[in-house]
Every structure is written in C-alpha cells, then in structure tokens.
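Next come the chains, spelled out residue by residue.
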Amino acid sequence: EAGVTQFPSHSVIEKGQTVTLRCDPISGHDNLYWYRRVMGKEIKFLLHFVKESKQDESGMPNNRFLAERTGGTYSTLKVQPAELEDSGVYFCASRETGVPDTQYFGPGTRLTVL
Amino acid sequence: DAKTTQPTSMDCAEGRAANLPCNHSTISGNEYVYWYRQIHSQGPQYIIHGLKNNETNEMASLIITEDRKSSTLILPHATLRDTAVYYCIVRPSPYNTDKLIFGTGTRLQVFP
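In what follows, the accompanying structure is described. Given the structure is predicted, the values throughout are model-derived calculations rather than measurements.

## A closer look at the pairing of strand 4 (residues 45–50) of chain B
Residue and element names in this part refer to chain B.
Next, step 1: With five bridges connecting them, strand 3 (residues 32–38) and strand 4 associate as antiparallel partners. Note that in strand 4 the partner of Trp35 across the bridge is Ile48.
Next, step 2: Counting the residues that bridge the hairpin from strand 3 to strand 4 gives six residues, and of these Ser41 lies at a positive phi of roughly 70°.

Dropping the structure here:
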C-alpha cells in the first residue's frame, strides 16, 4: 500500500511568486493534515481536513495560505504571494477515523523562498 | 494536551541502548504517551504509544512510571539510522483525530 505522497519534493521560488504544494493521502484516509517546520523551529500544525471540510484551520499563519481538498481525496496548499519567512519543510499527514491509529506522514516538501 | 519536557540532545554509541526520558507531570488519567521521531529529510514517524503499562514493539520499548508523570523510550540496540529528533507527545485516546503538538524534542546522535 502506498504511503502519503507529496509533490514537489523541493521548490525554489522568488519572493512574491505563487507556489502550490500537493499531498496525496493514504487511500481511504478521511483525515488529512498539513504541518510545517521553518528553520530552527518546531513542527507546527497548519490545518486539518475531514474529507473535504476544514475541521481545524487554527494554525494557518495568514490569508496568503489557501488549502483545498476538493472531492475529499488529495489536497493542495497554495502560498500566494510567497514571503521569505514561508521557507521551510511542509509535511502532510493522513489517518482514518474510527480506528485506534496514528497519523502517517509524507516525506515533506522543502520550500525555499529567495 | 499536557506539556512534556525532554532533554535537548543526547549521544549514544552504536549497538548500545538509547534511553530517552520524558517528563509529563500534568498528564491526565485518560491521556496516552506517544513517541514519534523525525529522521533528517523524512517526515515524522510514529514509534510507540502507551497508557500506563510498559509497551514493546519491533522498534522500541516504552516504560511509563507508576505515577505516569514520566516515561522512557528505549531503543535497545541503537544504529546510525536511529539518529533523529525524538518527540514525546501526550494525547487523548488513539481514536482521537486531533492535531499533533510537537515540542522541541530530543536530538539523538548515534555515533560509531
């Protein structure tokens, strides 16, 4: 069974540009999470989807970040316009509701804003 | 969620046991202790969890004190691949789907 996949693995963009990150959760997982780790800081929660609905978006830093999960399958996280402080590694995780389990993480997307 | 305290860093010789402590003195009766790790350039990885009994799986053992205010993650025979940041997280039931709250963790360096 495939794990959580993220695309791209790396992205380098200029300040002011737009970047879209994609996450494909494990098949059948209705919960999808975004986290990020900026340089030297802790891993921080951004957002939690249950199917296509936003369950918790308390970690989204500002309105330059837009997350979607149309159809309740894969999710995208768009940063527009990107700022220098957005650089970091963005992780996606997924899990299934109703079973005693944990979150499974993808390998992350390393975003560098120049 | 209860707060946890971990040492910033630890070293361990390859082949020896790595014992990583965690304090969670404000843990409530129905909260579990979870351990995750993040190996460089990978996403966080679940290791083990427990409520009050000691637990063991293929990756590690978890020892929780009787008062549940602290725990120790044991990697019985550390390898270089175990070099990572280890996070101790207190959470509700394994059925709970809320976000994970990562602290600063313990950076474990396994040396040859």
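## What to know about the interface of chain A and chain B
Next, step 1: At the junction of the two partners, chain A supplies 23 residues and chain B supplies 20 residues.
Next, step 2: Buried area between chain A and chain B, summed over both chains or domains, comes out near 1700 Å², and the portion from carbon and sulfur atoms is 54%.
Next, step 3: Applying the counting criterion to the chain A and chain B interface returns one salt bridge.
Next, step 4: Two residues, Lys99 of chain B and Asp56 of chain A, come together in a salt bridge whose shortest N-O distance is 3.9 Å.

## Some points on the state of the cysteines
Next, step 1: Applying the stated criterion across every chain yields a total of two disulfides over all chains.
Next, step 2: Note that Cys23 of chain A is cross-linked by a disulfide to Cys92 of chain A, the S-S spacing being 1.8 Å. Disulfide Cys23 of chain A-Cys92 of chain A: the torsion about the S-S bond is -60°, which places it as left-handed. With Cys23 of chain A in strand 3 (residues 19–24) and Cys92 of chain A in strand 9 (residues 88–95), this pair connects stretches of sequence that are 69 residues apart.
Next, step 3: Cys12 of chain B forms no disulfide, and the closest cysteine sulfur to it belongs to Cys22 of chain B, at a distance of 18 Å.

## Structural notes on the sheet that holds strand 8 (residues 84–91) of chain B
All names here are of chain B.
Next, step 1: Strand order in the open sheet formed by five strands is 1-9-8-3-4, and the pairing between neighbours is mixed. The strands lining the two open edges of the sheet, one partner per strand, are strand 1 (9–13) and strand 4. On average, adjacent strands in this sheet sit at an angle of 25° to one another, irrespective of strand direction.
Next, step 2: Of the strand pairs in this sheet, strand 1 and strand 9 (residues 106–111) are connected by five bridges, and their pairing is parallel. When the bridges of strand 9 are listed, Ser9 appears paired with Arg107.

## Focus: the sheet that holds strand 1 (residues 5–7) of chain A
Residues and elements named next belong to chain A.
Next, step 1: Across the sheet, four strands lie side by side as 1-3-8-7; this open sheet has antiparallel pairing. Strand pairing shows two members of the sheet lacking a second neighbour, strand 1 and strand 7 (65–68), which therefore form its edges. Each adjacent strand pair in this sheet contributes to an overall mean axis angle of 15°, direction not counted.
Next, step 2: Note: strand 3 against strand 8 (residues 75–79), five bridges, orientation antiparallel. Within strand 8, the residue paired with Val19 across the bridge is Val79.

Parameters at a glance
Residues numbered from 1 in each chain as written. Chains lettered and ligands numbered in written order. Predicted model: local features only at pLDDT ≥ 70, side-chain atom pairs only at ≥ 80, totals over all residues. Heavy atoms only, no water. Pairing = 2+ DSSP bridges. Helix = DSSP H or I, 4+ residues; strand = E, 2+ residues; numbered from the N terminus. Contact = heavy atoms within 4.5 Å. Buried area = accessible area lost by both parts, 1.4 Å probe. Salt bridge = Lys/Arg side-chain N within 4 Å of Asp/Glu carboxyl O. Disulfide = S-S within 2.5 Å. Axes fitted to C-alpha atoms, helices over the stretch in contact; angles between N-to-C directions.

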